[in-house]
Amino acid sequence: MVRKFKYNLMLGALLFSALSVDAQWTGPKKKPTELKEVKYGSLVFANRTDVAMEAFRNYGLGQFIHWGVYAIPGNEWNGVSARNGAAASEWIRAWKGPAAPNNWATIYDNLYKQFNPIYFDAKRWAKQAKAMGAKYMIFTTKHHDGFALWPTKYSPYNITKSPYKKDIVKEIVDGYNAEGIDVFLYFSILEWNNPDYMSKVPSTDEEKTRYNKFLQYTRNQLIELLKNYPTIKGFWFDGTWDQSWIKSHEFTYALEKELRTIKPDLIIGSRFRNDEYGKRHFDSNGVLLGDYEQGWERKLPEDISWLDGNDWDCVMTIPPNGWGYMKDWSGLYTKTTDDIIELLMKSVSMNGNFVLNFGPDGLGNMHPGEDVIAKELGEWMKVNGEAVHAVRYADFPKTNYGYYTQKGKTLYLTVVNRPNNGVIRIPVIKNSKEVPVNALILGSSFTDLLVKHADIGYDLDKNTYYDVIIPKEYISNRTFVLKMQLGEPRVNSSKLMDAKM
Ligand code: JFZ
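### With respect to the packing of helix α4 (residues 122-132) against helix α5 (residues 168-178)
A pair of packed helices can be characterised by two numbers: the angle between their axes and the separation between those axes.
Step number 1: Packing of α4 against α5 brings their axes to within 8 Å, and their N-to-C directions diverge by 40 degrees. Taken together, α4 and α5 sit at an angle that is classed as oblique. The way α4 lies across α5 gives a crossing that is right-handed. When α4 is examined against α5, the residues Ala122, Trp125, Ala126 and Ala129 are found in contact with a partner set consisting of Glu171, Ile172, Gly175 and Tyr176.
Step number 2: By residue class, the composition of the contact of α4 with α5 is six nonpolar, one polar and one charged.

### Quick notes on the sheet that holds strand β9 (residues 312-316)
Step number 1: Overall, parallel pairing links the eight strands, which are arranged β7-β6-β5-β4-β1-β10-β9-β8 in an open sheet. One side of each edge strand has no neighbouring strand; the edge strands of this open sheet are β7 (267-268) and β8 (293-297).
Step number 2: Taken together, the three bridges between β8 and β9 define a ladder with parallel strand orientation. Each bridged residue has a counterpart across the sheet, and for Trp296 the counterpart in β9 is Cys314.
Step number 3: Across the face of the sheet, α4 comes into contact with β1 (61-65), β4 (136-142) and β10 (352-358) while running at roughly 150 degrees to β1.
Step number 4: Contacting β4, β5 (182-188) and β6 (234-238), helix α6 (residues 205-228) crosses the sheet at an angle of about 170 degrees to β5.

### Observations regarding unusual backbone geometry
Step number 1: Located in the positive-phi region is Lys165, a residue other than glycine, with phi close to 70 degrees.
Step number 2: Looking at the element boundaries, Lys165 is found in the loop between β4 and α5.

### As for the side chain of Glu179
Step number 1: Tracing the sequence through the fold places Glu179 in the loop between α5 and β5.
Step number 2: Once residues lying within four places of it in the same chain are set aside, the contact partners of Glu179 are Ala126, Lys127 and Lys130.

### A short note on the environment of Gly378
Step number 1: Take Gly378: it is sitting in helix α10 (residues 368-384).
Step number 2: Given the relative accessible area of 7%, Gly378 is considered buried.
Step number 3: In this structure, the C-alpha to C-alpha distance between Gly378 and Ala129, residues 249 residues apart in sequence, is 8.4 Å.
Step number 4: Dropping the residues within four chain positions of it, Gly378 is found in contact with Ala131, Met132 and Ile373.

### A closer look at the sheet that holds strand β13 (residues 423-428)
Step number 1: One open sheet accounts for three strands, arranged β13-β16-β15; its pairing is antiparallel. Each of the sheet's edge strands pairs with one partner strand only, and the pair in question is β13 and β15 (451-453). Shown here is a sheet whose adjacent strand axes are inclined to one another by a mean of 25 degrees, direction ignored.
Step number 2: As paired elements, β15 and strand β16 (residues 464-469) share three bridges and run antiparallel to each other. In the sheet register, Val451 faces β16, and the bridge partner there is Val468.

Definitions and cut-offs
The numbers attached to residues start from 1 for each chain and follow its sequence in the written order. Whole-chain, interface and lining totals are the exception, using all residues; otherwise, since this is a predicted model, local features are given only for residues with pLDDT of at least 70 and side-chain atom pairs are given and counted only at 80 or more. For side-chain calculations, the full set of non-hydrogen atoms in the structure is used, while hydrogens and water are omitted. Angles here are taken between N-to-C directions and fall from 0 to 180 degrees, while the axes themselves are lines fitted to C-alpha atoms, restricted in helices to the stretch in contact. Starting at the N terminus, helices and strands are each numbered in turn, a helix being any DSSP run of H or I of at least four residues and a strand any DSSP run of E of at least two. When describing relative orientation, an angle under 35 degrees is termed roughly parallel and one over 145 degrees roughly antiparallel, while 65 to 115 degrees is termed roughly perpendicular and anything else oblique. Handedness of a crossing follows from how the near helix is turned relative to the far one, being left-handed for an anticlockwise turn of less than a right angle and right-handed for a clockwise one. Contacts between residues were defined by any pair of non-hydrogen atoms, one from each residue, lying within 4.5 Å. Three categories are distinguished: nonpolar for Ala, Val, Leu, Ile, Met, Phe, Trp, Tyr, Cys and Pro, charged for Asp, Glu, Lys and Arg, and polar for the others, with Gly belonging to the last. Each pair of strands is called paired provided DSSP finds at least two bridges between the two strands. Burial classes follow relative accessibility: with a 1.4 Å probe on protein chains only, a residue under 20% of its type's maximum area counts as buried, one over 50% as exposed, and anything between as partly exposed.

In structure tokens form, the structure reads like this:
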């Protein structure tokens, strides 16, 4: 028993270290020292400039929803928590360790017979997402457990066999589209309970036949999704790290090509496939494999230079790591609305989309903690959304006050750290033709702040400084946004100072 438990812990450690190997793609990039011939590399090659991709760049904020039969247990079973035995709440089928029920996988694989989310109303979720300021959403059509939330022709393990019966993916797509929100479909390649699936490279003839069947099944389902839901904007792939898939580079290359032929403006992230050397996310020459970097999961780049000009998204949980419904949030650090706002602004300030995850329960309601965050974030977005949507990186030196974003001649500074002296001192790069000329605080009556050239001269890099004065009377209890217009510099200081202040 003890030995078995240790073994399971080891398995868990192995799993986590495998995942942290995955996470290597999310640091600054190391350029390959020599170029290789890559046959199964990128199918995109240049940053796309079509309408769909431009829309992607303008989203700013998105919503992720992880929903499936794992919502029924909500990370526990008969009052016993799976916290120490499962990698995450939506991973509960893989629950190991002494607390896991006997025959747990069998129990889990029968949960669909109880899946009946009587309170599910896609329109209500979509309205909430819209009020929160989300411009796109990503929905789990099928997670690692293999249960399809749409009536797929290619597997009996789907929503029509549940008491709910109706096509949830269709309800989501229609409900969100009606609110003007674009929909992306999350799709896990790997399946835990599919007899044709295997994680290792198939070696015997029998295995090869079986795995080929699995590959065809995957292709059929993806084409089916594109046909059933023609308004979707893209796929968000997952579960692509197993050797079986990695060694299928010829197949996955052809499949990506086929999907892009069916829908030329389809958006696919870098988590779909790898090149013939097994390099994932980026090929062996460092070229992005897809339309955007899809590796920023629960973490953010530190600097825009880490991104090499690529588009990207950051997907983020509210609890530490739980994507599906987690009934019990106690004893965990769950992110606050302020945390979320900061992560959002850090993302958009580096041209990324921030996608906040929700894990609704088995009846179709969001977790009460998620409802609170959606409401508070929505209130903030209502006032400050213009600093989030359709903005770009602003080429101003990094500042400790917060995060810049820019839209044409408008510069936004989301102030996370309000200075005690009321002076927001903005460094402007040497010879810049664009400096702040006026400023207001979004959502306040302070519409004409004092903006002046800081009379401290140039620093040794010949940068100069502009001061925006925040009135003492302005009471802020949350991050606020300075909106500034950029214009020609009117002053020319000749002073020189020693140190940056
Ligand atoms: C995957 C899933 O296993 C998880 O359940 C959830 O759906 C999430 C969005 O995606 O988890 C991962 C995948 C990749 C990494 C970490 C967790 N990674 O690259 O570090």
